[in-house]
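These are the residues of each chain, in order.
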Amino acid sequence: MADNPFEDPSVVAAADANPGQPPPAPANAAYGDNNAYDDVNIDVGMIQAAAKYVPEDKQKELAVAAGSAVANQAADRVKSDYNESTKTQADHHEAPPPPNFCVKLFNWIPIRLLALVAGVLLIAGPLLDLILPFVTVDFIGFFIYVYLIMFGVVTVFIESPTFGCTRLFQLRLFFWFRLLSRMWGRGCFYLFTSILCFASLGGDNPGIFTGIAGGYLIVVCILSFIFSRMAAKKFARIREFVAAGAEKEELEGRFLRKFDELDNGGQAGTIGSDQIVTLAAQASRDLSNSERHAIQTFLDESCNGFVSKEDFMHQFVAQYAEKGFKQGYL
């Protein structure tokens, strides 16, 4: 018995008798003394000799099948890694229970509309107190009323819906007075303004209408801080969802890929309110309009009216690496 099956006389005879066809394997034949698990030297020439028994079209089919198998294995590996990553995110960021009616009602509160009304009251209240004859206004009180009217005009512009006539003013104001671009900053502004309103209540003939505007501003101030805190908590959840425990270069890569995924409409290289709501939904968080506006103005670090990739990366990644803090209020 020969060690090489291609040197076996019976195999050679069968090959000569049926050229172009692979010969049948001899029954009860064992070649060589080594078993299949021993190290052997592969004879390339022997493999080439064996290949001539396989038709050329079959060789192509086998090559295509082998390539497809390798490609499918690679695709399965990528899919498995993606599913594992998604599962990890889902395990760490499970959706909260559905909110009850009171929470839904509170989330419905249009804080910007309430603040817009506060701006109108800041204009109307001091004007009425200045016009009405039974209100006594001294020299200092007159200037306080003038400042309150100016603050009312500013409030109306920054809290009004974004139109062509208000957009430019809002962006310029947010850029030069960055405090007003934050919901908690506007809350501080309303608190300071309400204190000025209460100053009109002193004396024998107080400014009633201005005092009413101050009391209303206190309510808007408290709501601003509450919504700012709620938006910050959801912002932190979104960041944790995208990061999924990654650090350094991997963390940056995750946020870059997420921005590219969201950048599917509007001006190229930017995202807007719809994409922010989509991102929150991916993190199993629903945003009220007030929370969405707070997150969007926070991300718009450049005050351009949209969120660029640079703003997105700075607010989600860079500032955390530089300052090492979590955003408590937006």
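You'll find the structure just up there.
Core analysis: the largest hydrophobic core is formed by 52 residues, its most contacted members being Phe255, Phe312 and Phe316. If one sorts the elements of this core by residue count, helix H9 (residues 208–243) sits on top with 12 residues. Contact partners of phenylalanine 312, with chain neighbours within four places excluded, come to Phe255, Phe259, Ile271, Leu279 and Val307.

It is worth spelling out helix H5 (residues 111–131) at this point. The terminal C-alpha atoms of H5 lie 30 Å apart, and with 21 residues this matches the ideal 30 Å at 1.5 Å per residue to within 8%. Those residues of H5 not exposed but buried are Ile111, Arg112, Ala115, Leu116, Ala118, Gly119, Leu122, Gly125, Pro126 and Asp129. If you follow the buried residues of H5, they end up packed against helix H6 (139–159), helix H7 (164–176), helix H8 (183–198), H9 and helix H12 (289–299).

If you walk through the whole model with that rule in mind, you get nine salt bridges. With its nearest N and O atoms 3.5 Å apart, the salt bridge here joins glutamate 159 to arginine 112. Taken as a pair, glutamate 159 in helix H6 and arginine 112 in helix H5 lie far apart in primary sequence, 47 residues in all. Assigned by exposure class, glutamate 159 and arginine 112 land together as buried. The structure contains a network of salt bridges with shared partners spanning Arg112, Glu159 and Arg186.

For glutamate 159, a relative accessible area of 6% puts it in the buried group. A distance of 3.0 Å separates a polar atom in the side chain of glutamate 159 from a polar atom in the side chain of arginine 186. For glutamate 159, the contacting residues outside a window of four places in its chain are Arg112, Ala115, Leu116, Arg186 and Tyr190.

Our focus in this paragraph is a nonpolar patch on the surface. Where nonpolar side chains cluster on the molecular surface, the patch consists of Leu127, Leu130, Ile131, Phe139, Ile140, Phe142, Phe143, Val146, Tyr147 and Met150 and spans about 1000 Å² of accessible area. Taken together, the elements giving at least two residues each to the nonpolar patch come down to H5 and H6. Element by element, the count of residues in the nonpolar patch is highest for H6, at seven residues. Inspection of the secondary structure assignment puts isoleucine 131 in helix H5. Under the relative-accessibility criterion, isoleucine 131 is labelled exposed at 65%.

It is worth spelling out the packing of aromatic side chains at this point. Where two aromatic rings form a pair, the distance of their centres and the angle of their planes describe that pair. Enumeration according to the criterion identifies 14 aromatic pairs in this entry. Here phenylalanine 189 and tyrosine 190 contribute two aromatic rings whose centre-to-centre distance is 5.7 Å and whose plane-to-plane angle is 55 degrees, an arrangement assigned as tilted. A relative accessible area of 1% means that tyrosine 190 is categorised as buried. Here the aromatic cluster, defined as three or more aromatic residues joined through ring pairs, consists of Phe235, Phe255, Phe259, Phe298, Phe312 and Phe316. Seen from the ring of tyrosine 329, arginine 229 lies directly overhead, with NZ or CZ sitting 5.9 Å from the centre.

Definitions and limits used
- Each residue is numbered by its place in its chain's sequence as written, counting from 1.
- This being a predicted model, a pLDDT of at least 70 is required before a residue's local features are given, and a value of 80 or more before pairs of side-chain atoms are given or counted; all residues contribute to the totals for chains, interfaces and linings.
- The side-chain numbers reported here are obtained from all heavy atoms of the structure, hydrogens and water having been left aside.
- We call a set of buried residues a nonpolar core when its members are Ala, Val, Leu, Ile, Met, Phe, Trp, Tyr or Cys and they connect through side-chain atoms within 4.5 Å of each other.
- For the exposure calls, accessible area comes from a 1.4 Å probe over protein chains only, and a residue counts as buried if that area is under 20% of its type's maximum, exposed if over 50%, partly exposed in between.
- Here a strand is any run of E in DSSP of at least two residues, a helix any run of H or I of at least four, and the numbering for each starts at the N terminus.
- Between two residues, a contact is recorded if the distance between any of their heavy atoms is within 4.5 Å.
- What a helix should span is 1.5 Å times the count of its residues minus one.
- For this analysis, a salt bridge means a side-chain nitrogen from Lys or Arg found within 4 Å of a carboxyl oxygen belonging to Asp or Glu.
- Pairs of N or O atoms are called polar contacts if they sit within 3.5 Å, as long as, within protein, a hydrogen donor faces a hydrogen acceptor (for residues adjacent in sequence, only side-chain-to-side-chain pairs).
- Nonpolar side chains (Val, Leu, Ile, Met, Phe, Trp, Tyr) are joined into patches within 5 Å and like charges within 9 Å, using only residues with over 30% relative accessible area and no salt bridge.
- All accessible-area figures derive from a Shrake-Rupley calculation using a 1.4 Å probe, and residue coverage is judged against the displayed protein chains alone.
- Centres within 6.5 Å make a pair out of two Phe, Tyr or Trp rings, where for Trp the six-membered ring is used; the pair is then stacked when the planes are under 30 degrees apart, edge-to-face when over 60, and tilted otherwise.
- Charge-over-ring placement is defined geometrically: NZ (Lys) or CZ (Arg) within 6 Å of the ring centre, and within 35 degrees of the ring normal.

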